[in-house]
Amino acid sequence: MVCKKCEKKLSALAAPDKWKEGSKNAVAGSAGRKINQNKLLSKSAKLNRFNPMESKCKICKNKVHQDKGHYCQDCAYKKGICAMCGKQVLDTSSYKQSSK
């Protein structure tokens, strides 16, 4: 679970929209995506590669698979908090959840 503020921080897809006029990633100028660019081999992808020792959940100490995340998905759902910032997203007081 991620709040609306943290949705902007999520990483980009490895295979975005096909390059064409009018698509979401069609940006004019040098800031746009290069034609025939492989996102997996680009410089930005090499800097942000998955590092298994990078972060652990603050609650259960398991590995966090989300980039820039502080809580694993299980703990974030059980507590009703954002997995990235810890902000309360939904009220789970009336939910019947197992402790597992």
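Sequence positions are assigned chain by chain, starting from 1 and proceeding in written order. pLDDT decides what is reported in this predicted model: residues at 70 or higher carry local features, side-chain atom pairs at 80 or more are listed and counted, and totals for whole chains, interfaces and linings draw on all residues regardless. No hydrogens and no water enter the side-chain calculation; it runs on all heavy atoms of the structure.

J.: Break down the nonpolar core for me, citing the residues and quoting the values.
T.: For soluble globular proteins, nonpolar side chains are generally found buried alongside one another. Residues Cys57, Val64, Tyr71, Cys72, Cys75, Ala76, Ile81 and Ala83 constitute the largest nonpolar core, which totals 8 residues. Those residues within four positions of Cys57 in sequence are excluded, and the remaining contacts are Asn62, Val64, His70, Tyr71, Cys72 and Cys75. Nonpolar cores are built from buried Ala, Val, Leu, Ile, Met, Phe, Trp, Tyr and Cys residues. Side-chain atoms within 4.5 Å join them into one set. The buried label applies to any residue whose accessible area, calculated with a 1.4 Å probe on protein chains only, is under 20% of its type's maximum; exposed applies above 50%, and partly exposed to all values in between. Contacts are residue-level and defined by heavy atoms, with any inter-residue pair within 4.5 Å sufficient.

J.: Quick one: what's the story with the side chain of Thr92, residue by residue and with numbers?
T.: Numbered from the N terminus, helices here are DSSP runs of H or I no shorter than four residues, and strands are runs of E no shorter than two. Counting through the fold element by element, Thr92 comes out in the segment after helix H3 (73–79). For Thr92, a relative accessible area of 16% translates into the label buried. Side-chain polar atoms of Thr92 contact the backbone oxygen of Lys78, separated by 3.5 Å. Among all residues touching Thr92, those that are not within four sequence positions of it are Tyr77, Lys78, Lys79, Gly80 and Gln97. Nitrogen and oxygen atoms within 3.5 Å of one another constitute a polar contact, given that in protein one can donate a hydrogen and the other can accept it, and given that sequence-neighbouring residues count only through two side-chain atoms.

J.: Before we move on, can you summarise a positive patch on the surface with the specific residues and values?
T.: On the surface, Lys5, Lys9, Lys68 and Lys87 cluster together into a patch of positive charge. Relative to the assigned elements, Lys87 resides in the segment after H3. Only residues above 30% relative accessible area that lack a salt bridge enter a patch, with like-charged residues linked at up to 9 Å and the nonpolar side chains Val, Leu, Ile, Met, Phe, Trp and Tyr linked at up to 5 Å. Residue exposure ignores everything except the shown protein chains as possible cover, and the areas themselves are Shrake-Rupley values with a 1.4 Å probe. Here a salt bridge means any side-chain nitrogen of Lys or Arg lying within 4 Å of a carboxyl oxygen belonging to Asp or Glu. In this tally, Asp and Glu contribute negative charge and Lys and Arg positive charge; neither His nor the terminal groups of the chain are included. Throughout, a charge is located at the NZ atom of Lys, the CZ atom of Arg, the CG atom of Asp or the CD atom of Glu.

J.: I'd like a rundown of the environment of Met1, residues and numbers included.
T.: Examined against the element boundaries, Met1 turns out to sit in the segment before helix H1 (4–7). Not counting the four nearest positions on each side in its chain, Met1 is found in contact with Gln73, Ala76, Tyr77, Gly80, Ile81, Cys82, Ala83, Val89 and Leu90.

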